[in-house]
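Here's the letter readout for the chains.
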Amino acid sequence: MNPEVLLSVRDLHVSIGAVEAVRGLSFDVRKGEVLAVVGESGAGKSLTARALLGMPPQRATVTGSVRMEPYELVGAPRSVRAALWGRQLALVPQDALSALSPVHRVSDQLAAAVRSVDGVSRNEAQARAMTALEEVGIPADRTRAYPHEFSGGMRQRAVIAMALLHSPALVIADEPTTAQDPETQRRLLDLLTHRSEATGTTLVLITHDLPMVREHADRVLVMYAGRLAEEGPVEEVFTHPRAPYTAGLLASAPLQGRGAVPTCGSAAGRDRPQRTRRRRLPSIPGTPPNPTALPPGCAFAPRCPLADATRCATAHPEPETHNNRTVACHHWRELPANPAELFLESV
Ligand SMILES: Nc1ncnc2c1ncn2[C@@H]1O[C@H](COP(=O)(O)OP(=O)(O)OP(=O)(O)O)[C@@H](O)[C@H]1O
């Protein structure tokens, strides 16, 4: 394995009953990076995260490979997962309340987590717990509180402190700020990325928040219906998306000023002020496919302005990698210079 790669995912499949939610996903997580995983609801992001952590839902069937040298996490025995948990792999969940016990003081919970990995004295564990909480901005005089006495943002800070307690190699943050107001979200993401950098931890960030991805991630993996649509450095993907799905996702997100779009040629009369024609905000038509009834070819074809009735309707596009970018689309070379235009609709 390339020494820069921390985690290597190959041909990952996750099925639950009749739902094949992740369908042959391959990608690498590089040491020290922030990799964002984005895509509409139901794309398979959370199940991918759980497979990476070696914690799929009980009823799930996982095949393929998730390697973190020297371990294979798919099908790893409980002893291997227990050895990695906290030390090498940790999770920042969406809901801090589910991660914290309501009946124990926050500092005691962190101290117990310290002692579960390092057999230090109670006093030493308490001191380390206090330091970890202070590092995420929880004042010393609040660390003995119970979770319900914290605001949502403080609870999420405590969960971030818990995940980073042992400076794990990899933290997966699954929509870690969703329940917070925008300002708290921004602060928590700043905190998570800065603390991860300080502890040398690699971060996989699962989110719907594209502006946040642009601000905090190095690379982005775009998922659609359980597969990779596109992957690459954030700035490149955001400025020059290659998959029509990525273009639609970006066009419909509030990344830049939107609104009335100048009509081509509308300022033909030199002395007239430029006229604008009102258009709907760009959006991807239709809805994500039902995972139990996926179309036979490209799953995005029914919503894609570039889809044809032959290849796209019958054959799934295999991911192609060129110069640090990967895309799975039969027509990626035909995307217009401003692909957002594909998703604009006049009214
Ligand atoms: N425990 C489960 N039992 C049955 N189906 C599940 C389970 N978890 C997820 N699924 C199904 O698998 C598919 C992928 O779900 P997943 O939660 O990974 O999507 P997601 O991209 O994380 O969505 P969201 O952004 O809404 O969290 C969905 O169709 C979902 O209904």
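Looking at an unreviewed UniProt entry, one finds the protein named Peptide/nickel transport system ATP-binding protein and attributed to Streptomyces umbrinus. Its UniProt record gives the protein the following Subcellular location (unreviewed entry) comment, quoted word for word: "Cell membrane". For the record of the protein, the UniProt heading Sequence similarities (unreviewed entry) holds the text "Belongs to the ABC transporter superfamily."

(A) Representation of the overall build of the protein. Broken down by element type, the protein carries 11 helices and 16 strands. Counting only C-alpha atoms and orienting by the principal axes, one finds that the protein spans roughly 80 × 50 × 35 Å. Partitioning the intrachain contacts of the protein with sequence separation of at least 6 by distance along the chain shows that 64% fall at a separation of at least 24.

(B) Region of interest: the sheet that holds strand β4 (residues 60-68). Strand order in this open sheet of 4 strands is β2-β1-β4-β5, and the pairing throughout is antiparallel. Only two strands of the sheet have a single partner each, and these edge strands are β2 (19-30) and β5 (71-72). Bridging between strand β1 (residues 5-16) and β4 involves 7 bridges; their strand directions are antiparallel. Looking at β4, one finds that V14 is bridged to V62. Across the sheet, helix α1 (residues 45-52) touches β1, β2 and β4, and the angle it forms with β1 is around 120 degrees.

(C) Representation of the pairing of β2 in the model. Relative to β2, β1 is paired through 9 bridges, and the arrangement is antiparallel. When the sheet's bridge partners are listed, V5 is paired in β2 with R30. Between β1 and β2, which pair antiparallel in sequence order, lie 2 residues; one of them, G17, sits at a positive phi of approximately 55 degrees.

(D) Region of the structure containing the UniProt feature "domain: ABC transporter" (unreviewed entry) in the protein. The UniProt record annotates "domain: ABC transporter" (unreviewed entry) at residues 7-250. Annotation note: span residues 7-250, helix share 39%, strand share 27%, distance between end C-alpha atoms 27 Å.

(E) Structural detail: the site of the ligand. Residues in close proximity to the ligand total 13 residues, the closest being A21, S41, K45, S46 and L47. Elements supplying a minimum of two residues to the shell around the ligand: β2 and α1. It is α1 that provides the largest number of residues to the shell around the ligand, a total of 3 residues. When the residues that make up the shell around the ligand are grouped by side-chain class, the tally is 7 nonpolar, 5 polar and 1 charged.

(F) Layout of helix α4 (residues 106-117). Along its 12 residues, α4 runs 17 Å from first to last C-alpha, staying within 8% of the 16 Å computed at 1.5 Å per residue. Along its buried surface, α4 packs onto α5 (122-135) and α6 (152-163).

(G) Examining the pairing of strand β10 (residues 227-233) more closely. Most of β10 sits out of view: 6 of its 7 residues are buried. Linking strand β9 (residues 219-224) to β10, which pair antiparallel, is a turn of 2 residues; within it A225 sits at a positive phi near 45 degrees. Of the pairings in the sheet, the one linking β10 to strand β15 (residues 325-327) comprises 2 bridges and is antiparallel in character. Among the inter-strand pairings, E231 is bridged to a residue of β15, identified as T326.

(H) Layout of the packing of α6 against helix α7 (residues 182-199). At their nearest, the axes of α6 and α7 sit 11 Å apart, and the two run at 10 degrees to each other. One finds that α6 runs roughly parallel with respect to α7. Considering how the two elements wind past one another, α6 and α7 form a crossing that is right-handed. Between α6, through G153, Q156, R157 and I160, and α7, the contact on the second element is made entirely by T184, L188, L191, L192 and R195. Across the contact of α6 with α7, the residue classes break down as 4 nonpolar, 3 polar and 2 charged.

(I) Broad picture of unusual backbone geometry. The omega torsion across E69 and P70 is 5 degrees, close enough to zero to call that bond cis. Even without a glycine there, the phi angle at E175 is positive, about 45 degrees. Along the chain, E175 falls in the loop between β7 (170-174) and α7. The class for E175 is partly exposed, based on 18 C-beta atoms found within 10 Å. The backbone phi angle of N323 is positive, close to 45 degrees, even though this residue is not glycine. Relative to the helices and strands, N323 resides in the loop between β14 (320-322) and β15.

(J) Focus on the packing of α4 against α5. At a minimum axis separation of 8 Å, α4 and α5 run at an interaxial angle of 115 degrees. Here the hand of the crossing between α4 and α5 comes out right-handed. Residues V106, S107, L110, A111, V114 and R115 of α4 form the contact with α5, whose own contacting residues are A125, Q126, R128, A129, M130, A132 and L133. Split by residue class, the contact of α4 with α5 holds 9 nonpolar, 2 polar and 2 charged.

Conventions and cut-offs
- Residues numbered from 1 in each chain as written.
- Predicted model: local features only at pLDDT ≥ 70, side-chain atom pairs only at ≥ 80, totals over all residues.
- UniProt positions renumbered as here; feature names shortened; annotations may be inferred.
- Helix = DSSP H or I, 4+ residues; strand = E, 2+ residues; numbered from the N terminus.
- Contact = placed C-beta atoms within 7 Å.
- Pairing = 2+ DSSP bridges.
- Axes fitted to C-alpha atoms, helices over the stretch in contact; angles between N-to-C directions.
- Near = placed C-beta within 6 Å.
- Nonpolar A, V, L, I, M, F, W, Y, C, P; charged D, E, K, R; others polar.
- Expected span 1.5 Å × (residues − 1).
- Buried ≥ 20, exposed ≤ 12 C-beta atoms within 10 Å, placed from the backbone.
- Parallel < 35°, antiparallel > 145°, perpendicular 65-115°, else oblique.
- Left-handed = near helix turned anticlockwise from the far one by under 90°.

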